[in-house]
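# Report on the structure
Residues per chain are reported as follows:
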Amino acid sequence: MTDVHDTSPVAGQQLELAISGMTCASCAARIERKLNKLDGVAATVNYATEKARVSVPDGLDPQRLVETVEAAGYGASLPAPEEPEAAAEEADDPTRALRQRLVVSAALSVPVIVMAMVPALQFTYWQWISLALAAPVVLWGALPFHQAAWTNLRHGAATMDTLVSMGTLAAFLWSLYALLFGSAGAPGMTHPFELTIQRMSGDGAIYLEVAAGVTTFILAGRYFEARSKRRAGAALRALLDLGAKDVAVLRGGGEVRIPIAELAVGDRFVVRPGEKIATDGVVEEGVSAVDASMLTGESVPVEVGAGDGVVGATVNAGGRLVVRATRVGSDTQLAQMAKLVEEAQSGKAAVQRLADRISAVFVPVVIVLAVATLAFWLGSGGGAAAAFTAAVAVLIIACPCALGLATPTALLVGTGRGAQLGILIKGPEVLESTRRVDTVVLDKTGTVTTGQMALVGAHVVGDDSDGDVLRLAGALENASEHPIAQAIARGARERLGELPAVEDFTNVEGLGVQGVVDGRAVAVGRSALLAEQGLRLPAELAAAKESAEGEGKTAVVIGWDGRVRGVLVVADTIKPTSAEAIAQLRELGLTPILLTGDNEAVARTVADEVGITDVIAEVLPQDKANVITRLQQDGNTVAMIGDGVNDAAALAQADLGLAMGTGTDVAIEASDLTLVRGDLRTAADAIRLSRRTLRTIKGNLFWAFAYNIAALPLAATGLLNPMIAGAAMAFSSIFVVTNSLRLRTFRSVTTAPAE
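Bear in mind that the values here come from a model prediction, so they are computed numbers and not experimental data.

Along the backbone of the chain there are 27 helices and 27 strands. Put simply, the chain has 755 residues, and 51% of those count as buried. By sequence separation, contacts in the chain at least 24 residues apart represent 70% of the contacts at least 6 residues apart. Accessible surface computed for the chain: about 31700 Å², of which carbon and sulfur atoms make up 56%.

Locating Asp443 in the fold gives a position in strand β16 (residues 439–443). Exposure remark for Asp443: the relative accessible area of 1% places this residue in the buried category. For Asp443, the side chain forms a polar contact with the side chain of Lys624, separated by 2.8 Å. Sequence-distant contacts of Asp443, that is, excluding residues within four places in its chain, are made with Val448, Leu594, Leu595, Lys624, Met640, Ile641, Gly642, Asp643 and Asp647.

In an α-helix, one full turn covers 3.6 residues, which means residues spaced three or four apart are oriented alike. Relative to the 20 Å expected for 14 residues at 1.5 Å per residue, helix α18 (residues 483–496) spans 20 Å between its end C-alpha atoms, a close match to the ideal helical length. For α18, the set of buried residues is Ile484, Ala485, Ala487, Ile488, Ala489, Gly491 and Ala492. Packing partners of the buried residues in α18 comprise β17 (449–460), α17 (466–477), β21 (554–560) and β22 (563–574). Positioned one or two residues after α18, Gly497 has a phi angle of 90°, which is positive.

Here the focus is the sheet that holds strand β18 (residues 503–508). If you walk across this open sheet you meet the 6 strands as β17-β22-β21-β20-β19-β18, and the pairing is antiparallel. For this open sheet the edge positions go to β17 and β18, each flanked by a neighbour on one side alone. Taken over all neighbouring pairs, the strand axes of this sheet differ in orientation by 20° on average, direction set aside. Inspection of the sheet shows β21 paired to β22 by 7 bridges, in the antiparallel sense. Residue pairing in the sheet places Trp560 in a bridge with Arg563 of β22.

Below, the discussion takes up the packing of aromatic side chains. Applying the stated criterion to the full structure yields 3 aromatic pairs. On the basis of an interplanar angle of 35° and a centroid distance of 5.0 Å, the ring pair of Trp174 and Tyr177 is categorised as tilted. Placement of the pair is Trp174 and Tyr177 together in helix α7 (residues 160–181), with a separation of 3 residues, close to one helical turn. For Trp174, a relative accessible area of 10% corresponds to the buried category. Ring centres 5.8 Å apart and planes at 40° place the aromatic pair Tyr177 and Phe181 in the tilted group. In this pair, Tyr177 and Phe181 both sit in helix α7, 4 residues apart, roughly one turn of the helix. For Tyr177, a relative accessible area of 34% gives the class partly exposed. An aromatic cluster is defined as three or more aromatic residues linked by ring pairs; in this entry it consists of Trp174, Tyr177 and Phe181. Sitting over the ring of Trp140, Arg101 keeps its end group 5.0 Å from the ring centre.

Attention now moves to the packing of helix α4 (residues 95–117) against helix α5 (residues 126–141). Between α4 and α5, the shortest axis-to-axis distance is 9 Å and the interhelical angle comes to 150°. Judged by the angle between their axes, α4 and α5 are roughly antiparallel. When the axes of α4 and α5 are compared, the crossing they make is left-handed. The residues of α5 that touch α4, namely those facing Gln100, Arg101, Val104, Ser105, Leu108, Ser109, Pro111, Val112, Met115 and Ala116, are Trp126, Ile129, Ser130, Leu133, Ala134, Pro136, Val137, Trp140 and Gly141.

What follows is about the sheet that holds strand β8 (residues 268–271). Here 6 strands make up an open sheet; going across it, the order is β7-β6-β8-β14-β9-β12 and the pairing antiparallel. Only two strands of the sheet have a single partner each, and these edge strands are β7 (254–259) and β12 (309–310).

Looking now at the side chain of Asp280. In this structure, Asp280 sits in strand β9 (residues 280–285). According to the relative accessible area criterion, Asp280 is buried, its value standing at 2%. Within the structure, Asp280 has its side chain in polar contact with the side chain of Arg327 (distance 3.1 Å). Discounting residues that sit within four places of it in the chain, Asp280 has contacts with Val310, Val311, Gly312, Arg324, Ala325, Thr326, Arg327, Thr332 and Gln333.

Calculation criteria
Residues numbered from 1 in each chain as written. Predicted model: local features only at pLDDT ≥ 70, side-chain atom pairs only at ≥ 80, totals over all residues. Heavy atoms only, no water. Helix = DSSP H or I, 4+ residues; strand = E, 2+ residues; numbered from the N terminus. Buried < 20%, exposed > 50% of the residue type's maximum accessible area, 1.4 Å probe, protein only. Contact = heavy atoms within 4.5 Å. Areas by Shrake-Rupley, 256 points an atom, 1.4 Å probe, with all protein chains shown as cover. Polar contact = N/O pair within 3.5 Å; in protein donor to acceptor, adjacent residues only side chain to side chain. Expected span 1.5 Å × (residues − 1). Pairing = 2+ DSSP bridges. Axes fitted to C-alpha atoms, helices over the stretch in contact; angles between N-to-C directions. Phe/Tyr/Trp six-rings, centres within 6.5 Å; stacked < 30°, edge-to-face > 60°. Lys NZ or Arg CZ within 6 Å of the ring centre and 35° of its normal. Parallel < 35°, antiparallel > 145°, perpendicular 65-115°, else oblique. Left-handed = near helix turned anticlockwise from the far one by under 90°.

In structure tokens:
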């Protein structure tokens, strides 16, 4: 299907095509080769995201790109106008058709398989009922496989689709022949339960359960794969959802609320406490603290005033601000981050399905063997019936029933066990990455640390006690909305219980707060606030304040009755399990690296406490993905663990992205694995479980093919009894399922055996 939109050619224009019809990574490579043959075109096609990023030269009609892709046997569409969210969601759901095929095929296949495998249920004319049930499964349910096989055949390729289509059609057509022209259609025909090896004409055997069963199993695998691939663009949608939806613009001396899309550069808009800043701009009026943790990942709010720049999607935590817009739409920092995530996802090499890689060799061998078998029997005078029986038997036994179960069952059990342990695995490609990872990059805030400001120390001089200082400071700060004030108030409540009431509370913008507590005029905030009242820090408290700030912590001064009484220290605290988690990651052969936007001193302090030696500090949010790329260029296979919007591009760029479940939706969507509990120790469990699941899948694939290969000589020599074929199929499937179920015994090294 071709979607035509008014897209005039522009010199050096970058286009993104939506590609449909790809069934494996070799399809992506084929489309890429075709596009790159066009003069001046540079294209990269990604199978995982089903998109092609194309650089179009001046004068080339973009419609030619669509025609080129369609000529190669696939579908393509040019960028479409924005659709309403609900309509886009409806149109972009590729899993609905697959789900319908799977449900209908499963409902029809179960009775076919049961009747074929249980002779007691083979009533008179059961074989005709099986034909009626199996026909829609093979002809309609397996239609995507037949279409893909035809496309691959036209381009001289062979994939798992070729194998499935060939095997199911061979089994169905031979069964149809046996029913219509052989003895299989006779009333009272049964599949005798005997495992003898003998030559046979083949016209008394039907293989409908093979055709229907394989189709259903592989449809199940494709459905789960499509469902996980559909989430590829969710990170971008989640990023854009972070922004404000409307904004209060100053026009004609008053405020007018307009949709964010109508905001223009130069417009002045109002941001009240608790509201999101609509777009990137410069503060013109007001003083406040801006909570940028969702975007930058850093827990300490930034104090802003007139002339300071602010970023869209951050939250105004303090006073009223008037901001002049300097960048809107796709130019904002949020939009640039969305672009980074998209580029990282598009650039990530898709891991070819193991089954496709094996099928690329296995399918041609089977076809050659089937043709050779037919030629041998015809040439040796064995008769046409025996020759065709042997050749078709080769094709039927080559159709790997267990192959359809190999990946889905291991994934189902592995992901189910992971969910019990707080680990969400997104798909089979993730598992391949865990095997090769040798370096793990950890974001500091929210990953190694809690990401929440907390009271970590109190320094007091004179006769005052810690309790006195905390009580008065906590009571005063409890009346403020500032994140640092709330951290002090929370710490005071946890240690002392209820706090006294405050009178005459005043918020001195940018400096601190003051008021009356228990009849005392108390001031809490920056040293400049107390200096205005003639209160100077004693040398001992000045040294404590300087020491705390040297470690990247925030020092708050408190004073009353004519002198400074103490210094309270607030900081982001390290999670109690982080050191243990780092040790476990090292045991898995991984080199941990701490990555943060904080200064070197803060980063080194945290790293030393948890046992990390390599630190990369003072990194801007948009540069984190570049750090990952640089490590990959140095030959490392990199895992990234993060939780903030600023980590999303790095998570997508990394070979393996792990998001803390306590973090932002954007980070979770851009990652490969999600650690639900936010416990860093779960990262080690996630990698261990993923590696074990991958080993199980590989073992399943080996045995799925091994049973087929072992039976091929019997089929080629005409000795394949239908019950042996059925038993081999059933046993290989049972083995694969049982092997996958062993994943349920996986245990976390940090969890009690009782779990």
